[in-house]
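# Examination of the molecular architecture
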Amino acid sequence: MKKILLILIAIILVGCQSTPSENMNTITNQASSETQEQSGKDNGKVLVAYFSRVGNTDFPENTDTSSSASVIVEDQQLVGNTEYLANLIVEQTGGDKFLIQTQTPYTADYDALVDEQQGARAQNLRPALASHVENFEDYDVIYLGFPNWWGGMPMPLYTFLEEYDFSHKTIIPFNTSGGSGFSNAIEDIQELCPQVTVLDGLTINGSQVQDAEDDVVSWIQEAQE
Ligand SMILES: Cc1cc2nc3c(=O)[nH]c(=O)nc-3n(C[C@H](O)[C@H](O)[C@H](O)COP(=O)(O)O)c2cc1C
């Protein structure tokens, strides 16, 4: 009996040898794996990939930002409407920000761009991209942002979606527009990436992105439930 008691005491003492930080790790790991099981979607690296006119246009120094649609000036930097949402999403999720950038920049002349892009859609063009995601396979969740261009995604988004293997990943779309919302974009994403899960998207009028923080926060919370 005495022997059994001694063995029990020895086992208890050995069990207490782990440092507080080891215990913390154990607790943290257990907690996070539970969370992962519960949400099922928020358990991997997050990429916030977006396309905006700013970042894809060589604006002249003297750009009249007050009359130039889809340009916000923040800390003396030009920010695109969709980029503005991308920044909020990065703040909320801690995801990696990625600008989808074409090899050839677009014209800074808004009306000319609008005309030109009607033709690009009609021809189903695939503009070559200058930017590429490193270690794309590491990302499980991709917030995908774009402006509405002629009733759908800008053509560089088609190039982007065809470049990577999105199978078994989750795309959470967001967009800005002059009022048309997503138009055909969601159907096109599903068609281009049939093995992807597409969650409910967020669409904001381009002129209202600076008031959209609350909408962004609650939409991300829903996506993570
Ligand atoms: C080429 C082009 C086509 C557009 N077509 C549409 C459209 O069909 N429907 C719409 O609501 N807005 C349209 N817009 C407006 C943009 O979607 C809107 O200004 C958007 O917020 C711009 O985002 P950005 O600053 O991230 O580029 C178009 C803009 C451009 C430049």
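## What about the overall build of the protein chain?
- The helix and strand inventory of the protein chain stands at seven helices and eight strands.
- When each of the 225 residues of the protein chain is scored for burial, the buried share is 28%.
- Here the contacts in the protein chain between residues at least 6 apart in sequence split such that 83% fall between residues at least 24 apart.

## Focus on the nonpolar core
- V48, A49, L85, I89 and I142 are the most contacted members of the largest nonpolar core, which has 37 residues in total.
- Secondary structure elements with two or more residues in this core: β1 (45-50), α3 (81-93), β5 (139-147), α5 (155-163), β6 (170-177), α6 (185-192), β8 (202-205) and α7 (213-224).
- Of the residues forming this core, the biggest block, six residues, is contributed by β5.
- L85 has contacts with G145, F174, T176, I204, V209, A212 and V216, leaving out every residue within four places of it along the chain.

## As for the packing of α3 against α7
- α7 packs onto α3 with a crossing angle of 50 degrees between their chain directions and a minimal axis gap of 10 Å. Taken together, the axes of α3 and α7 are oblique relative to one another. Pair α3 / α7 crosses with right-handed handedness. Judged by residue contacts, L85, L88, I89, Q92 and T93 of α3 engage E213, V216, V217 and I220 from α7.
- Residue classes in the contact of α3 with α7 are distributed as six nonpolar, two polar and one charged.

## Some words on the pairing of β1
- Direction of pairing for β1 relative to β5: parallel, over a ladder of six bridges. By the bridge assignment, K45 is partnered in β5 with Y139.
- Here four bridges tie β1 to strand β4 (residues 96-99), and the two strands are oriented parallel to one another. Each bridged residue has a counterpart across the sheet, and for Y50 the counterpart in β4 is L99.

## Let's talk about the environment of N148
- Mapped onto the elements of the fold, N148 is located in the loop between β5 and α5.
- For N148, a count of 22 C-beta atoms within 10 Å translates into the label buried.
- Excluding residues that lie within four positions of it along the chain, N148 makes contacts with N175, S177, S180, G181 and S183.

## Side note on the environment of V209
- Of note, V209 is situated in the loop between β8 and α7.
- Not counting chain neighbours up to four residues away, the residues in contact with V209 comprise N81, Y84, L85, T176 and I204.

## Comments concerning α3
- Along its 13 residues, α3 runs 19 Å from first to last C-alpha, staying within 8% of the 18 Å computed at 1.5 Å per residue.
- N81, T82, E83, Y84, L85, A86, L88 and I89 are the residues of α3 that are buried.
- G94 occupies a position one or two residues after α3 and carries a positive phi of about 70 degrees.

## With respect to α5
- What α5 keeps buried is the set M155, P156, L157, F160 and L161.
- Looking at the buried residues of α5, the elements they touch are α4 (110-122), β5 and α6.

## A few points about unusual backbone geometry
- Even without being a glycine, N135 presents a positive backbone phi close to 50 degrees.
- Of note, W150 is a non-glycine position whose phi angle comes to about 55 degrees, a positive value.
- Within the secondary structure layout, W150 lies in the loop between β5 and α5.
- The class of W150 is partly exposed, set by 17 C-beta atoms lying within 10 Å.

## A look at the environment of N56
- As for its position among the elements, N56 is in the loop between β1 and β2 (71-74).
- Measuring from C-alpha to C-alpha, the distance between N56 and Y106 comes to 6.0 Å, with 50 residues separating the pair along the chain.
- Every residue in contact with N56, bar those within four places of it in the chain, is listed here: F51, Q101, T102, P105 and Y106.

Cut-offs applied
- Residues numbered from 1 in each chain as written.
- Predicted model: local features only at pLDDT ≥ 70, side-chain atom pairs only at ≥ 80, totals over all residues.
- Helix = DSSP H or I, 4+ residues; strand = E, 2+ residues; numbered from the N terminus.
- Buried ≥ 20, exposed ≤ 12 C-beta atoms within 10 Å, placed from the backbone.
- Contact = placed C-beta atoms within 7 Å.
- Core = buried A, V, L, I, M, F, W, Y, C linked by C-beta atoms within 7 Å.
- Axes fitted to C-alpha atoms, helices over the stretch in contact; angles between N-to-C directions.
- Parallel < 35°, antiparallel > 145°, perpendicular 65-115°, else oblique.
- Left-handed = near helix turned anticlockwise from the far one by under 90°.
- Nonpolar A, V, L, I, M, F, W, Y, C, P; charged D, E, K, R; others polar.
- Pairing = 2+ DSSP bridges.
- Expected span 1.5 Å × (residues − 1).

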